[in-house]
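Residue strings, one per chain:
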Amino acid sequence: MTGRSAEAPSAEASERSSDPRLLLRLTVNGAEIEREVSPRLLLSDFLRHELGLTGTHVGCEQGVCGCCTVMIDGRAARSCLALAVQADGATIRTIEDVASADGTLHPIQQAFQECHGLQCGFCTPGFIMGVLSHFEEARMPDLSEDGIREMLSGNLCRCTGYQHIVAAVRRAARLMNLDGPEKG
Amino acid sequence: MKPPLFDYLAPVSVEEAIAARARYQSSALLAGGQSLIPALNFRISHPEAVIDLKGIESLRGVELQGSEIVIGAMARHREVELDEAIFKANPLIRETLGHVAHIVIRNRGTVVGSLAHGDAAAEMPALFLATGGSVTARGPGGSREIAAGELYRFHLTTSLEPDELVTEARIPALPARTGWSFQEFARRRGDYALAGVCALITLEASGACQGARLSACGIASTPVRLVKAEEVLTGTSLETETVNEAGRAACAHVTAPDDNQTTSAFRKQLVQTLVTRTITRALARARARL
Amino acid sequence: MSTQRFGERVPRLNDAKLLRGQGCYVDDVPLPGAYHAVFLRSPFARARILSIDASAAREHPSVAAVYTCDDLGPLDQPLPMLSPHPAIIAARTQRPLARDEVFHVGQTVAMVIAVDRYTAEDALRLIDADYEPLPVTVDLASAAAPGAHPVHPDLTDNIVGHFAQRSGDPDGAFAKAEHVTSLRVRMDRSTAAPIETRAIAARWEAATGELTVWDTTQAPISIRDGLASILGLEENKLRVIAPDVGGGFGQKVMLFYPEEILVPWAAMRLARPVKYVEDRTENFIGSSQERTQIHEIQLAATKDGTVIGLKDSFLHDSGAFAPYGIEVPRVSASAIAGPYRIPNVDVEFKAIYTPTVPVTPFRGSGRPHACFALERAMDQLADELGLDRFELRRRNLIGPDEFPYVREGLKYVDDGTITYDSGQYPKALAMIEEAIDLERFRREKDAAAKEGRYLGLGLAFYMECTGLGPYDGCRIRVHPATGKVSVNTGLASQGQGHETVFAQIAADRLGVPIEDVIVAQGDTAAFDRGGGSHSSRSAVVGGNAVHKAAVRVRAQILETAARLMAVPEESLELADGRVTVKGANRFMTLAEIAIAANPLSSPFDRPAEVVSQYGTAGQELVTVGEGRAPGIEASAYYSPSASPWAYGVHAAIVEVDPDLCSIAFKRYLSVHDCGKMINPTIVEGQMIGGIAQGIGGAFYERLDYDEDGIITNASFMEFLMPYATEVPKIEIMHLETPSPANPLGIKGAGEAGTIAVPAVVASAVEDALKPLGVGRFHHAPLSPNMIFEAITRARAKAGG
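This one's a predicted model, so the numbers in the text were calculated from it and none came from an experiment. (Residues numbered from 1 in each chain as written. Chains lettered and ligands numbered in written order. Predicted model: local features only at pLDDT ≥ 70, side-chain atom pairs only at ≥ 80, totals over all residues. Heavy atoms only, no water.)

Attention now moves to the overall build of chain B. Helices and strands together make up the secondary structure of chain B, namely 12 helices and 14 strands. Taking 290 residues into account, the globule formula puts the C-alpha radius of gyration at 19 Å, and chain B, at 19 Å, falls close to it. Within the span of chain B, comprising 290 residues, buried residues form 63% of the whole. Long-range contacts, defined here as pairs at least 24 residues apart, represent 63% of the contacts in chain B between residues at least 6 apart. Accessible surface for chain B amounts to roughly 10,500 Å². Of this, 51% is attributable to carbon and sulfur atoms. (Helix = DSSP H or I, 4+ residues; strand = E, 2+ residues; numbered from the N terminus. Rg over C-alpha atoms; globule rule 2.2 N^0.38 Å. Buried < 20%, exposed > 50% of the residue type's maximum accessible area, 1.4 Å probe, protein only. Contact = heavy atoms within 4.5 Å. Areas by Shrake-Rupley, 256 points an atom, 1.4 Å probe, with all protein chains shown as cover.)

Encoded structure:
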């Protein structure tokens, strides 16, 4: 509680922080990007605030909730547990690149809609990226009730109680013909 | 929750990385980052420099070399988990990895990172102890091998020097006539376990117990070999009562204090239960391999 | 006629943008040049602030300002008391930034504004705050006892308020009782933990004197009204927007959180947008919590199991401040007799200050506690009388012909006498009994027992008074040119699906395709009179307001069309977006009618020419007749005169592993009745989501305060919210008893799911472990360690 004014003497602080910057080159949703970033900038903040890809959400910054899940070089990863600079040279895919360019929903998104697999929608992009990565991994997904719940564990949802998300995963697998020939 | 400022280095060789480490009072090695970055986000860790190992080609990959599985420092959990050759050589690895956090974390996190981090509740250090693996540590003075039994000093504290870097870990393939099991009790799927137990049971051709290697995580200030339980089993014919006695004997290794989730008494019961169940499972598998 | 949409499983209208990642949550609002706020928070539960030296932080080149209470001027005063009540003895609310003393870990002490959050956090560590810690009493029972350290230095004890109410003659009933059962039950502290934390952003336009605030609030209108008053702005210069919001569950309705005032204030001071996004740690220590209560409950019964009296005396933990007064425990007190006749009730409580995060309603709001006390008491009574649990309940449930059922003397929080409006309680019980298939369960339990496995059946009934007033409103307008229908309401959605259900209600009345209904909410520019989304009220109060407005608009459409087409109204039919003359090939679209009803000075397109003053229409059409308004538009407000009571019954079959002391759900069943369902899919989503939160509260989620008042598990790693692997498949059965309390016959459904679960799980675990001689489970949430200790006690008893 000093006599000094609460506000900075110049009335305006600088436009951006004084952190040193490193050159970062990467591919995001098919576009080649080159930016200077602070080494401590999290990949989640880079995507959201530098690139405006705000579909990737941040819920805990500890890797527990899964909201910030994106794909790094083809595999789902927590963007809050990666530095942007770690992604130098990498290929990133976010929720904005899941539906077709004309806006047609991906079968996983369509299934979430059909099965009421979302309420507030905040955790939804993370779930979709996780399921997408799982479906694209070169193995047959385990589509039993337990198998799907195991696939979804690692993403927290506070609204749905998960049941309709489980149904959506089953539905998506059918739409994508991943649920075995006899059922297709 | 945002990281403090640090210097960021991305060396392309082990030598460069070791030289970088020597230049700073405090530095952190970044492999998968699944433990380091949360610690940075919470500002629990504030190193002067973060040294990213991703550019070092020689640290990548996992392979079977004779009777040893050699895991490079940048090999991700999931890569090791899905490798069929590794699964055939030692199926305990996949079984244990299935309990390490969640798939998305395993996509990034590295096996060597987990071993070198030395979390007393983590699964892989326990597996490392039970299998009798070793790591190769490189420092300014050269390389040295550290056996699993020599690595862990305390929770998050190992015998690695601050200027060293683990380049690879070696885990023996499963010996003949050996059964395996990893089981744990966690409040939620993927959480650190309140207790986890790894069991390897090797039988004589006759079916008697030639040797047992048991370890646990989450019950002491380091992962521990459950030597007292092993002693009960070795040389016996593994009757149910012997297995139960091993479970009781293992309780002596529980030294973790009471915490929010667990009293020491409950943890002992967990260990006893898990030891009994893992031995039973490993035994069934060993018998199937006779 | 169009198909009726009310009652249909209409897919949600706003999902696609959320699925594509195109939702717009507060932190997604683009505000170029925005500063970021962070808060210095108290590390102590109670302490005197000796000094705060922020000079080093202020000198940081990327810091715009650091504020303490000394910088706030007229804002430096206690925040409003939201629920005054005569039973409140000592009302204390917090200041935006602490002055002189702090009252809980996490209380805001100073605000740092910097160019980004990273830098702001650096600057936070440059503030040198010196505290003198003070002694604390954290535990609820101890804080209520003589000798406790008072949280507030001007008080001699910790009593917020003392409330008592009674119905009938409870003393007489207990004197006549043939059996009395008594128990003490406890529920622990928890938190809503919405996946999106709280966030506030503000932009001040100095040139126009307009302030825009984006806030994760559940009640944007209240925030607008309050902020206008505090900041001295005209209502029409202040717009509050609750955009897409990532869950709320009660935590996001407060008037105010300190940040909700300070961020807009700073944006005005600095003439730059300011944004604050709470991080997860802050959500644990800075956003309100709920749940701790200790009940001493007694039931007086006759030998045949008729419960003739109930006495409940409980303590409620209010945390360090009581912005909502005694509202949460009053809800508990209103729900204590549940669905049973129990004609004689005596309930009283003391609300107690503790040096912990303030307590405000969290989904269920006081009801899970009351349900836990009553239903655990019913199980105990059944055991003591040797009666089956179902049978005991059956004998006491209020019958379908006993409505309205009045509990004279007992009041809800709106001071209305408790009056159950409708229901089929015995039928609900019969439905769940049949679905469980008790014979099959007993066979499975016996078979499991032979393998050393323990199966148990849990059961609990719940009640919920829904649709709290005072009112909500809606304005409906038919757009000229497009004929689309705007439905603007004052509610705000945190994912419940209001857009869809309100559109269903409007589409039915207005005969338009549901895709043509555009619902606007959560924005004071769209509608700025009404309450907010809480207390399971949005569908009931907002839905009926939409209905009323739509009825008026329908009348306008028909009246205008009749005039325009010169036919009697009775000959018209409204469907498929047009008004048709029955039996004739004549019609007008809603667009044409809307254009005709809004005379223009200049036509904006060809169709509008018809009604412009230069147009071809008759003189009558280009003036607004006396008593009429231009266009097709109406507003309506709905104020509930009676409360609809939702209810239901849950059951679970649980397997307990007595060695690992873990539980596994074999089945979880729920019968619920929320009156007529507008959209069964959305109702199911609410129920299942609520039950999942209840499972968290029954077995996983507990905030651990240590004796210094520090939460030792304030992270998602340690506060155990269930993943998909911890929540079972839930079987939902619907029962629809229309409520006579409102025109649509609906009851609220938002909170119901959470209420019964802790009682169900405790009941199931208790039932499973009976063969081991294990006693009762009267503490929620349960944990493996508690099961371990109960089994250990039972074994020691059996052994000794």
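Turning next to the overall build of chain A. The number of helices and strands found in chain A is five helices and five strands. Going residue by residue from the N terminus, the α and β elements of chain A occur as β-β-α-β-β-β-α-α-α-α. Its C-alpha atoms give chain A principal-axis dimensions of about 75 × 40 × 30 Å. A sequence separation of at least 24 residues applies to 56% of the contacts in chain A between residues at least 6 apart.

Moving on, we come to the interface of chain B and chain A. By a widely used convention, the size of an interface equals the accessible area lost when the partners come together. Of the residues lining the interface, 31 residues belong to chain B; the matching set on chain A comes to 34 residues. For the pair chain B and chain A, the summed buried area comes to about 2,800 Å², and 56% of that belongs to carbon and sulfur atoms. Across the contact surface, chain B and chain A share four salt bridges. Residue Arg189(B) is joined to Glu150(A) by a salt bridge in which the shortest nitrogen-to-oxygen separation is 2.6 Å. Where chain B packs against chain A, one counts 11 residue pairs in polar contact (both at pLDDT 80 or more). Residue assignment for the side of chain B that touches chain A shows that the elements contributing at least two residues are α2 (36-41), α3 (77-82) and α6 (103-108) of chain B. The leading source of residues in the side of chain B that touches chain A is α6(B), at five residues. Taken together, the residues of the side of chain B that touches chain A break down into 15 nonpolar, six polar and 10 charged. (Buried area = accessible area lost by both parts, 1.4 Å probe. Salt bridge = Lys/Arg side-chain N within 4 Å of Asp/Glu carboxyl O. Polar contact = N/O pair within 3.5 Å; in protein donor to acceptor, adjacent residues only side chain to side chain. Nonpolar A, V, L, I, M, F, W, Y, C, P; charged D, E, K, R; others polar.)

To continue, consider the interface of chain C and chain A. Residue-level contacts link 72 residues of chain C with 65 residues of chain A. Together, the buried faces of chain C and chain A total about 5,700 Å²; carbon and sulfur atoms form 54% of this surface. Counting every contact that joins chain C to chain A gives five salt bridges. Remark: the boundary between chain C and chain A carries 31 residue pairs in polar contact (both at pLDDT 80 or more). Secondary structure elements with two or more residues in the side of chain C that touches chain A: α1 (15-19), β2 (47-53), α2 (55-59), β3 (63-67), α3 (117-124), α7 (258-270) and α18 (680-700) of chain C. Take the side of chain C that touches chain A: its biggest share by element is nine residues, from α18(C). A per-class count over the side of chain C that touches chain A returns 35 nonpolar, 17 polar and 20 charged.

Within this structure, the stated rule accounts for 24 aromatic pairs over all chains. Consider the rings of Phe122(A) and Tyr25(C), whose centres lie 5.0 Å apart with planes at 85°: the pair is edge-to-face. One end of the pair, Phe122(A), is in the loop between α2 (107-114) and α3 (124-136); the other, Tyr25(C), is in the loop between α1 and β1 (35-41), on a second chain. Neither residue differs from the other here; Phe122(A) and Tyr25(C) are each classed as buried. A cation over an aromatic ring shows up here: Arg198(C) above the ring of Tyr257(C), its NZ or CZ 3.5 Å from the ring centre. Its end group placed over the ring of Phe362(C), Arg291(C) keeps NZ or CZ at 4.2 Å from the ring centre. (Phe/Tyr/Trp six-rings, centres within 6.5 Å; stacked < 30°, edge-to-face > 60°. Lys NZ or Arg CZ within 6 Å of the ring centre and 35° of its normal.)

Time to look at the sheet that holds strand β24 (residues 587-589) of chain C. Residues and elements named next belong to chain C. Reading across from one edge, β22-β23-β24 is the order of the three strands in this open sheet, with antiparallel pairing throughout. The sheet terminates laterally at β22 (572-575) and β24, the two strands that pair on one side only. Strand-to-strand, the axes of this sheet are offset by a mean angle of 20°, without reference to chain direction. Across four bridges, the pairing between β22 and strand β23 (residues 578-581) is antiparallel. Along β23, the bridge assignment pairs Glu573 with Thr580. Where helix α15 (residues 538-565) meets the sheet, its contacts fall on β22, β23 and β24, and the angle it forms with β22 comes to roughly 130°. (Pairing = 2+ DSSP bridges. Axes fitted to C-alpha atoms, helices over the stretch in contact; angles between N-to-C directions.)

This paragraph deals with the pattern of salt bridges. Residue and element names in this part refer to chain C. One pass over the full model with this rule turns up 97 salt bridges over all chains. Salt-bridge contacts for Glu684 lead to Arg9; the nearest nitrogen and oxygen are separated by 2.7 Å. On the criterion of sequence distance, the pair formed by Glu684 in helix α18 and Arg9 in the segment before α1 is long-range, its members being 675 residues apart. Overall, the relative accessible area of 14% leaves Glu684 in the buried class.

What follows concerns α15(C). An ideal rise of 1.5 Å per residue puts 40 Å on 28 residues; α15(C) measures up with 38 Å between its terminal C-alpha atoms. In the stretch just after α15(C), Ala566(C) is the one whose phi turns positive, near 55°. (Expected span 1.5 Å × (residues − 1).)

The next thing to look at is the state of the cysteines. Under the defined criterion, the tally for this structure stands at zero disulfides over all chains. Distance from the sulfur of Cys120(A), which forms no disulfide, to the nearest cysteine sulfur (Cys159(A)) is 3.8 Å. With no disulfide of its own, Cys674(C) lies 15 Å from the sulfur of Cys465(C), the closest cysteine sulfur. Residue classification places Cys674(C) among the buried positions, given a relative accessible area of 4%. (Disulfide = S-S within 2.5 Å.)

The next point concerns the pairing of strand β11 (residues 178-185) of chain B. Residue and element names in this part refer to chain B. Counting buried residues along β11, seven of its eight residues qualify, which places the element largely inside the surrounding structure. One ladder, built from eight bridges, connects β11 with strand β12 (residues 195-203); its direction is antiparallel. Of the residues in β12, the one forming a bridge with Thr178 is Thr202.

This next bit is on the domain arrangement of chain A. Residue and element names in this part refer to chain A. In terms of domains, chain A is made up of domain 1 (22-97) and domain 2 (107-175). Here the C-alpha centroids of domain 1 and domain 2 sit 21 Å apart. In this complex, domain 1 contributes 17 residues to the contact, which on the side of domain 2 involves 16 residues. Interface area, domain 1 with domain 2, both sides summed: about 1,300 Å², of which 61% is carbon and sulfur. When the area that domain 1 buries against domain 2 is broken down by residue, the three leading residues are His57, Met71 and Ile95, summing to 36%. Inspection of the domain 1/domain 2 interface yields two salt bridges. (Domains from an automatic or database assignment.)

Before going further, it helps to spend a moment on the side chain of Glu726(C). Of note, Glu726(C) is situated in the loop between α18 and β28 (730-734). In this structure Glu726(C) is buried but unpaired, with Arg188(B) as the nearest side chain of opposite charge at 5.5 Å. A polar atom in the side chain of Glu726(C) sits 2.9 Å from the backbone nitrogen of Arg189(B). When neighbours within four sequence positions are excluded, Glu726(C) is seen to be in contact with Arg187(B), Arg188(B), Arg189(B), Ile695(C) and Tyr700(C). (Lys, Arg positive; Asp, Glu negative; His and termini not counted.)

What follows is about the sheet that holds strand β3 (residues 69-72) of chain A. Residue and element names in this part refer to chain A. With respect to topology, five strands assemble into an open sheet ordered β2-β1-β5-β3-β4, the strand pairing being mixed. For this open sheet the edge positions go to β2 (31-37) and β4 (75-78), each flanked by a neighbour on one side alone. Recorded for the sheet is a direction-independent mean angle of 40° between the axes of neighbouring strands. Packing against the sheet, helix α1 (residues 43-50) makes contact with β1 (22-28), β2, β3 and β5 (91-93), and its axis sits at approximately 105° to β2. Along the sheet, α3 makes contact with β3, β4 and β5, crossing β3 at roughly 35°.

All names here are of chain B. In terms of domains, chain B is made up of domain 1 (7-52), domain 2 (57-172) and domain 3 (178-288). Centre-to-centre, using C-alpha coordinates, domain 1 lies 18 Å away from domain 2. Across the contact, 11 residues belong to domain 1 and 20 residues belong to domain 2. Summing both partners gives a buried area of about 1,100 Å² for domain 1 against domain 2, and 64% of it is carried by carbon and sulfur. Of all residues in domain 1, the largest losses of buried area upon contact with domain 2 belong to Val14, Ile18 and Gln34, amounting jointly to 44% of the total for that side. When the shortest N-O distance is used, the salt bridge between Glu15 and Arg138 registers 2.7 Å. Counting across the domain 1 and domain 2 interface gives three residue pairs in polar contact (both at pLDDT 80 or more). Among the elements that take part in the side of domain 1 that touches domain 2, helix α1 (residues 14-23) stands out by supplying five residues, more than any other. Partitioned by chemical class, the residues of the side of domain 1 that touches domain 2 number six nonpolar, three polar and two charged.

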